[in-house]
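Topology and contacts: notes
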Amino acid sequence: MTFHSMWVELLRIGRSSTSGGYRRFAWTGADAECRAWFEDQARARGLTYELDRNGNQWAWLGDPAQGDAVVTGSHLDSVPDGGAFDGPLGVVSSFAAFDELRARRVEFTRPLALVNFGDEEGARFGLACVGSRLAAGELTAEQAHRLTDGDGITLPQAMERAGYDPDAIGPDPERLSRIGAFVELHVEQGRALDLTGDQVGIASAIWPHGRWRFDFRGEANHAGTTRLVDRRDPMLSYAETVLAARREARLAGAVATFGKIAVEPNGVNAIPSLVRGWLDSRAPDQTSLDTVVTGIEKAAREYAQAHGVELDVVRESFTPLIEFEHALRDELARILGKETGLTVPVLGTGAGHDAGILSATVPTAMLFVRNPTGISHSPAEYAAEDDCVAGVTALADVLEGLVRR
Ligand code: GLV
Ligand code: MN
Ligand code: MN
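Here's a quick rundown of the structure. (Residues numbered from 1 in each chain as written. Chains lettered and ligands numbered in written order. Predicted model: local features only at pLDDT ≥ 70, side-chain atom pairs only at ≥ 80, totals over all residues. Heavy atoms only, no water.)

Things to note about the layout of surface pockets
By rolling a water-sized probe across the atoms, one finds the places where empty space is left. Note the threshold: Here the term cavity refers to a set of points on a 1 Å grid, laid over the protein atoms alone, in which a 1.4 Å probe fits but cannot get out; the term pocket refers to an open set having protein on both sides within 12 Å along at least five of seven lines, with lining residues being those that place an atom within 4 Å of a point. Grid points are joined across faces, edges and corners, and a volume is the space filled by probe spheres set on the points. Numbering of helices and strands runs from the N terminus; a helix is a DSSP stretch of H or I covering at least four residues, while a strand is a stretch of E covering at least two.
There is about 280 Å³ of room inside the second largest pocket. What lines the second largest pocket is a set of 15 residues, and nearest its centre among them are Gln199, Val200, Thr340, Val344 and Ala394. Every element with two or more residues in the lining of the second largest pocket is listed here: helix H11 (326-340) and helix H13 (385-403). Examining the composition of the lining of the second largest pocket, we find that 4 residues originate from one element, H13, more than from any other.

Some words on the coordination of the manganese ion (ligand 2)
The following threshold applies: Listed donor atoms are N, O and S within 2.8 Å of the metal (Na, K and Ca: 3.2 Å). As water is not included, a site may look incomplete. Accessibility here uses a 1.4 Å probe with only protein chains present; expressed as a share of the type maximum, an area under 20% marks a residue as buried, one over 50% as exposed, and anything in between as partly exposed.
The manganese ion (ligand 2) binds to the protein through Asp86 (OD), Glu121 (OE), Glu121 (OE) and His377 (NE2); the donor distances cover 2.0 to 2.7 Å. One chain supplies every donor to the manganese ion (ligand 2), and in sequence these donors are spaced D-x34-E-x255-H. Among the residues examined, histidine 377 registers a relative accessible area of 40% and is labelled partly exposed.

A word on empty space enclosed by the protein
The criterion, for reference: Side-chain classes follow a simple rule in which Ala, Val, Leu, Ile, Met, Phe, Trp, Tyr, Cys and Pro form the nonpolar group, Asp, Glu, Lys and Arg form the charged group, and the remainder, Gly included, forms the polar group.
By the definition in use, this model includes 1 cavity of 30 Å³ or more. In this structure, the largest cavity spans a volume of roughly 50 Å³. Only helix H4 (130-136) and helix H6 (155-161) provide two or more residues apiece to the lining of the largest cavity. Broken down by element, the lining of the largest cavity gets its largest block of residues, 3 residues, from H4. Among the residues forming the lining of the largest cavity, the class breakdown is 6 nonpolar, 3 polar and 1 charged.

Shown next, in the form of structure tokens:
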């Protein structure tokens, strides 16, 4: 199967006909279809298919028990109305690169695996990289069991309904210890490669990032009869906090986004009793991130007090600065430079990835494929097929270099 034919097969799964974006949330029907596709691709190539205790899917060539495996892959789930590329590009490219290695008649001296990590985006349960976090022991089974989606369905209930065993989830050190190198290919989520005119780049680091939930609690009341001075309206302190987030982020050279909100009772003619907003903030370094989040929280408390509103702030997730291992990164640069004679750009990113989670225990690297608009987490996310195919070749070159080492 060519890159193109695999790509086209996946395009129809979980696509909203109204927005044109993808809604492939963990443990839903669309997710199941993506997983079935992965398993079919693995079996069609005669690879050994494996489902791990955390719902991550693996396709093996060679004996995993031999250890020092070279692994590549990404994820197939999406954010609400996400693009086609974030995640699937890495998975499809893994199969396409594997086909390329076979066509080149590469002799494998190390086992090779392709992987699809479950629930990378955290779109449904609020926490990103659940599959890799569980495997790495960064998220305990008890913590995962407490995760709940917007409809009150718990993660164990969702897993069970999808036919998986939630009691099995937990750390998987033995499986991770088989991996000698993990390389994740991903669409770039910025325009750095477009600006340098390169098709492919190598990741240097992932900014520290996290998610915080801000609960502003006021008093529900009639929108027509309640005098302005008598109101305890949490929407006002929330709105002021959104502006403060923008200001604090600008001052610190960081980013801060309130992209999700829940309002109760959510009636046009009622002052809200609760406004719950989720802050996503990221910065090039820990100190800047701390400054931004502390500044936003301080401002939010002042606004809440001024409007007679109560505020609770809960940190729901956090990932520290990740600096990818220099030795593996340099090896990728050497392999790719040898093929093209060019210097491959090395770039940092503000986006989170399973590669970042694994990097605590496994030598890990990432390849980025040019995104001409830089747009991501949107139906408009795009990469030209030429660039995707260049990504596949780069991944195949890297894997060939690594499996022969
Ligand atoms: C995942 O894509 C994230 O960076 O939130
Ligand atoms: Mn993403
Ligand atoms: Mn991704």
